[in-house]
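Observations on chain architecture
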Amino acid sequence: EGVKGWAVVFRIFDPVGEPTTNYELFVGWVPPARKADAERWVEFLNAEIRDRLEEAGKAPSAAEG
């Protein structure tokens, strides 16, 4: 039987500065038993990114989540 879970890929770059093509990738694997942990982590990261953008006067659009 195959492995079940989710691949999670984060593209690491500063959301406030000028856009560039230089960034790092952080890749992880989330097994089904850790799905809730991964969802909380993504929610936390999204909130941190949103706060950083708002502090810089660059509020994200609704489409960007």
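Please refer to the structure higher up on the page.
To start, this report covers the structure provided alongside it.

Reading the values: rules and limits
- Residues numbered from 1 in each chain as written.
- Predicted model: local features only at pLDDT ≥ 70, side-chain atom pairs only at ≥ 80, totals over all residues.
- Heavy atoms only, no water.
- Helix = DSSP H or I, 4+ residues; strand = E, 2+ residues; numbered from the N terminus.
- Buried < 20%, exposed > 50% of the residue type's maximum accessible area, 1.4 Å probe, protein only.
- Phe/Tyr/Trp six-rings, centres within 6.5 Å; stacked < 30°, edge-to-face > 60°.
- Lys NZ or Arg CZ within 6 Å of the ring centre and 35° of its normal.
- Salt bridge = Lys/Arg side-chain N within 4 Å of Asp/Glu carboxyl O.

1. Some remarks on the overall build of the protein
A tally of regular secondary structure across the protein gives 1 helix and 2 strands. Listed by position from the N terminus, the elements making up the protein come as β-β-α. With respect to the three principal axes, the spread of C-alpha positions in the protein is 50 × 25 × 15 Å. Evaluated residue by residue, the protein yields a buried proportion of 8% over its 65 residues.

2. Considering the packing of aromatic side chains
Within a pair of aromatic rings, the relevant descriptors are the distance that separates the centres and the angle that separates the planes. Going through the model one piece at a time under the given rule, you end up with 2 aromatic pairs. Judged by centre distance (5.5 Å) and plane angle (25°), the ring pair of W41 and F44 falls under stacked. A residue pair is termed a helical-turn pair when its members lie 3 or 4 positions apart in one helix, as W41 and F44 do in helix α1 (residues 35-55) at 3 residues. Relative accessible area serves as the criterion here: at 44%, W41 is assigned to the partly exposed category. Note on F44: relative accessible area 41%, which makes it partly exposed. Seen from the ring of Y23, R11 lies directly overhead, with NZ or CZ sitting 4.5 Å from the centre.

3. A short note on the pattern of salt bridges
Tallying each qualifying case throughout the model produces 3 salt bridges. Ionic pairing is found between D37 and R34, a salt bridge with its closest N-O pair at 2.6 Å. Note that R40 and D37 form a salt bridge whose closest N and O atoms lie 2.4 Å from each other. With a gap of 3 residues between them, R40 and D37 both fall in helix α1, about one helical turn apart. Residues joined in a network through salt bridges with shared partners are R34, D37 and R40.

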